[in-house]
Structures are given as structure tokens and as C-alpha cells.
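One letter stands for each residue in the lines below.
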Amino acid sequence: MADQHAQTGENSRLTEIPAIRWEEPPEGPVLVLLDQTRLPAEEVELVCTDASALVEAIRSLAVRGAPLLGIAGAYGVALAAARGFDVEDAAAALAGARPTAVNLAVGVRRAHAAYRAELGKGGDDRQAAEAALAAARRLHREDAEASARMAELGLALLDELVPGGGHRILTHCNTGSLVSGGEGTAFAVALAAHRAGRLRRLWVDETRPLLQGARLTAYEAARSGMAYTLLTDNAAGSLFAAGEVDAVLIGADRIAADGSVANKVGSYPLAVLARYHHVPFIVVAPVTTVDPDTPDGAAIEVEQRPGFEVTEITSPQVTMAGAGGGIPVAPLGTQAYNPAFDVTPPELVTAIVTEKGAVSPVTAEALAELCDRSRQVTI
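The present account deals with the structure reproduced in this document. The numbers attached to residues start from 1 for each chain and follow its sequence in the written order. Where local features are concerned, this predicted model is filtered to residues with pLDDT of at least 70; where side-chain atom pairs are given and counted, the filter is 80 or more; whole-chain, interface and lining totals use all residues. Heavy atoms throughout the structure, all of them, feed into the side-chain values; hydrogens and water do not.

## Notes on the overall build of the chain
Alright, step 1. Helical segments are the DSSP runs of H or I of at least four residues, strand segments are the runs of E of at least two, and each set is numbered from the N terminus. Along its length, the chain carries 11 helices and 17 strands.
Alright, step 2. Two things to know: the radius of gyration comes from C-alpha atoms, and the globule rule equals 2.2 Å times the number of residues to the power 0.38. Taken against the 2.2 N^0.38 rule, which gives 21 Å for 379 residues, the C-alpha radius of gyration of the chain at 20 Å falls within 12% of a compact globule.
Alright, step 3. Each principal axis of the C-alpha atoms in the chain carries an extent, and together these give about 65 × 55 × 45 Å.
Alright, step 4. Relative accessibility thresholds used throughout: buried, under 20% of the residue-type maximum; exposed, over 50%; partly exposed, between the two (1.4 Å probe, protein chains only). Classification of the 379 residues of the chain by burial places 53% in the buried group.
Alright, step 5. Of the contacts made within the chain by residues no fewer than 6 positions apart, 74% connect residues no fewer than 24 positions apart. The contact rule is simple, with two residues in contact once any of their heavy atoms fall within 4.5 Å.

## Things to note about the pattern of salt bridges
A pair can form between side chains of opposite charge whenever their charged atoms are brought close.
Alright, step 1. The term salt bridge refers to a side-chain nitrogen of Lys or Arg lying within 4 Å of a carboxyl oxygen of Asp or Glu. The final tally for this structure, using the stated rule, is 18 salt bridges.
Alright, step 2. The partner of Arg198 in a salt bridge is Asp159, and the shortest N-O contact between them spans 2.6 Å. In this pair, Arg198 is assigned in the loop between helix 6 (186-195) and strand 6 (199-205) and Asp159 in helix 5 (residues 125-161), connecting sequence segments 39 residues apart.
Alright, step 3. According to the relative accessible area criterion, Arg198 is partly exposed, its value standing at 27%.
Alright, step 4. Residue classification places Asp159 among the partly exposed residues on the basis of a relative accessible area of 23%.
Alright, step 5. A salt bridge links Arg254 to Asp291; the nearest nitrogen and oxygen atoms lie 2.5 Å apart. With Arg254 in strand 9 (residues 254-256) and Asp291 in strand 12 (residues 290-291), the pair connects residues that are 37 residues apart, well separated along the chain. By the burial criterion, Arg254 is buried, and Asp291 matches it.
Alright, step 6. Each of Arg98, Glu303, Arg305 and Glu309 takes part in one network of salt bridges that share partners.

## So, the sheet that holds strand 7 (residues 228-231)
Alright, step 1. Strand order in this open sheet of 7 strands is 7-6-5-8-11-16-17, and the pairing throughout is mixed. A strand with exactly one partner marks an edge of an open sheet, and here the two such strands are strand 7 and strand 17 (357-359). Averaged over all pairs of adjacent strands, the angle between strand axes in this sheet comes to 25°, irrespective of strand direction.
Alright, step 2. Paired strands, as defined in this entry, are two strands with at least two bridges between them according to DSSP. With 3 bridges connecting them, strand 5 (residues 167-171) and strand 8 (residues 247-250) associate as parallel partners. Each residue of the ladder has a partner; that of Leu170, found in strand 8, is Val248.
Alright, step 3. Axes here refer to lines fitted to C-alpha atoms; in helices the fit is confined to the stretch in contact. Angles between the N-to-C directions go from 0 to 180 degrees. Of the strands in this sheet, strand 5, strand 8, strand 11 (281-284), strand 16 (351-354) and strand 17 touch helix 5, which is tilted by about 150° from strand 16.

## A look at the pairing of strand 8
Alright, step 1. With burial as the criterion, each face of strand 8 is covered, one bearing Ala247 and Leu249 and the other bearing Val248 and Ile250.
Alright, step 2. By the bridge criterion, 3 bridges tie strand 8 to strand 11 in an arrangement that is parallel. Its bridge partner being in strand 11, Val248 is matched across the sheet by Phe281.

## Some words on the sheet that holds strand 12
Alright, step 1. Strands sit in the order 12-9-10-15 across an open sheet of 4 strands; the sheet is mixed. Of all the strands in the sheet, the pair left with one neighbour each is strand 12 and strand 15 (341-344).

So, in C-alpha cells, the structure goes:
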């Protein structure tokens with residue numbers, strides 16, 4: 001069950017509303033989300049009291065972004081356990097809510113494993129719920145730490161590849177604090193460049209079909225005081241041709257064992273443009289986004305979104321007669337091809353930056369070595 005509460009008033013600052021938080025009011029624990037479908041028009045919090053409400057929030061993209069989905073999935077398991085719901089059913093529903101982003105399943109598994117381990121040691125349901133919550137909080141904290149480290153490593157790599165500062169960075173979709181326990185992935189690198197006085201311009205792709213660049217990345221860039229310009233996705237080629245892009249920075253929802261990168265649809269064309277124009281194409285993502293069980297890009301399941309997300313324009317303030325409740329921009333009955341992601345092959349990726357280090361050139365062997373080192377440190 002979920003409730004929405006609008007945040008209003010002059011004292012409500014953008015930076016004070018976290019993307020996700022756990023609360024324990026007298027009536028029982030809840031998971032509170034900043035509803036990202038309502039941004040930037042209004043800041044609305046979505047309060048989830050059970051896993052089914054969180055599943056719906058994930059599917060509707062009220063909560064989104066690979067690292068944050070992992071955190072949400074872990075908290076969802078803890079919520080089911082604390083509320084006395086069937087944890088096995090909740091874990092299965094959460095893990096399957098969105099197929100492409102591997103972090104969601106990783107987060108669910110971590111909290112679920114902690115829950116089951118506590119029961120296996122003879123703990124009662126309350127102790128098992130506390131173990132699941134501790135695992136979720138630990139993942140949340142680790143992601144914030146990973147974000148800071150990726151920003152540091154990413155900026156160092158950027159300065160190496162494009163010396164002299166004054167970086168003009170093109171980014172796609174949204175990869176800031178709205179998708180992370182910290183300041184994000186690719187956006188965190190751009191933000192670090194901005195704070196160091198080395199960001200000349202952030203080019204923000206609007207990002208179809210849900211305009212997550214226009215609605216969310218521009219929102220985050222504006223509140224951070226960054227110099228940014230919004231552009232339509234199909235205008236990126238003219239920017240490259242004019243020599244106005246020094247580097248492309250994107251996040252990832254799943255990285256296959258061979259280094260193929262699944263990210264918001266439109267990323268692959270940027271990689272092709274970047275290669276033709278000799279511009280670095282850098283992927284920034286936590287190690288948990290690397291999936292050794294997915295051998296290559298062809299094995300990545302790409303989520304297909306509803307067609308009305310393309311044939312209609314939606315707004316929280318406007319309701320029309322379209323199938324999705326938006327304003328129709330195509331003739332009635334128009335079919336739409338609407339994949340949420342595309343896959344970029346490793347040979348088009350200059351580097352993958354994680355909190356455990358950067359991989360360049362991107363090969364299966366280098367990724368496997370990075371993941372092995374990460375597991376050894378974790379153990």
C-alpha cells in the first residue's frame with residue numbers, strides 16, 4: 001500500500017529530499033521514496049507499506065536507476081519481513097519487477113540471504129527482519145561510498161584522457177543522486193569536475209522515451225549550479241561534428257561478462273558517434289552492475305516499455321484521453337517500438353570506471369580480474 005504526500009512551502013529545499021529512506025512511525029515501518037515521475041514539476045513522496053507497492057513504484061519508474069534499484073530491492077525484503085508478509089513471495093516479485101537492471105536482483109538477494117541466514121541460526125522472525133534491514137542499510141552505505149570513489153577515479157581518468165580541464169561532457173539519461181545512495185555514477189564524475197572548476201559545459205540528452213535527462217538530470221544540474229545545456233537526443237551528432245564534446249559519460253544497468261553495456265536506449269548511437277569523432281566514451285557503474293552470469297550483450301534481456309510512453313506526452317498536471325492518460329502526439333492506434341535500453345559492444349567503450357578501479361581496454365579478462373579483486377576485498 002502506498003500514499004503520496006506533496007512537499008510544499010518555501011523552506012523545502014531540493015537537496016533535503018533523499019531519493020529513498022526507511023522510517024519507523026508508530027503504525028509500522030515504511031519505505032519512503034521521492035516519486036521521480038513527478039519531477040521536476042513537484043516533489044512528491046511515495047510511502048510504501050508493503051512490497052507490492054514498491055514493485056509498482058519500480059515498474060512505474062517512481063524509483064529507478066541501477067544502484068538505487070538495488071537499495072530499494074533490499075529495503076523491500078526488509079519491509080516484507082518487518083511487516084510480517086511472505087518474504088519469499090516478496091523477494092521473487094521484487095527481483096522480477098524490472099529485468100534489465102541487475103542491481104535490483106543483487107540487492108534483493110543480499111537482504112534475502114541475511115534474512116534466511118538469521119533464521120538458519122535459530123533466530124526468530126523479528127531477528128531475521130532486523131538482519132535483512134541491516135543488510136539493506138549496509139548496501140545503502142556501501143553505495144554512497146562507491147559513488148564517492150567512482151567520482152574520484154572517473155575525474156582522474158577524464159583529466160588523463162582530456163588534459164587541460166574545461167571539460168565539455170555529454171551525458172545520457174540520469175545518473176545522479178536520484179539513482180544512488182550517494183551522488184551517483186556518471187553524473188558524480190561531472191559534478192566532481194564542476195567542483196574542481198574543470199567543467200566547462202554539461203550537455204544533457206533529453207533521453208527518450210520518458211525524458212529522464214530533461215526532467216531529472218537537468219533538475220540535478222540546476223540545483224548543483226552546473227553550467228548545462230539540454231538537447232534533443234538526435235542533436236548529439238551535430239555537437240560532435242562541431243567539436244563541442246570532449247567526452248561522453250554514461251551509467252549502466254547491466255554490464256555483461258564480455259564488457260557489453262546495457263544502458264538507457266540511445267546510449268549505443270552515442271558510442272558510435274564518439275568512436276567516429278575520436279571522443280572517449282566512458283561508462284561509470286559500481287562493480288555490482290557487472291554480471292558474470294551474463295556472457296555477452298546478446299544475453300541481456302532488454303525491457304520493452306508500453307507504446308503509449310512514445311505516442312503520448314504525460315504530465316502530472318494534465319490528463320487527456322490517451323491510453324496512458326497523456327496528451328496524444330501520434331494518430332490513434334499507432335504502434336510504437338519502445339525498448340528501455342540498448343546494448344553497446346565493448347569495442348566501443350573506452351573505459352569502465354567502478355569503485356574498485358577502471359578497466360581500459362574493456363575485455364572479458366580485465367573485467368573478470370576486477371570482479372575477482374572486488375570479491376577478495378569483500379571477503
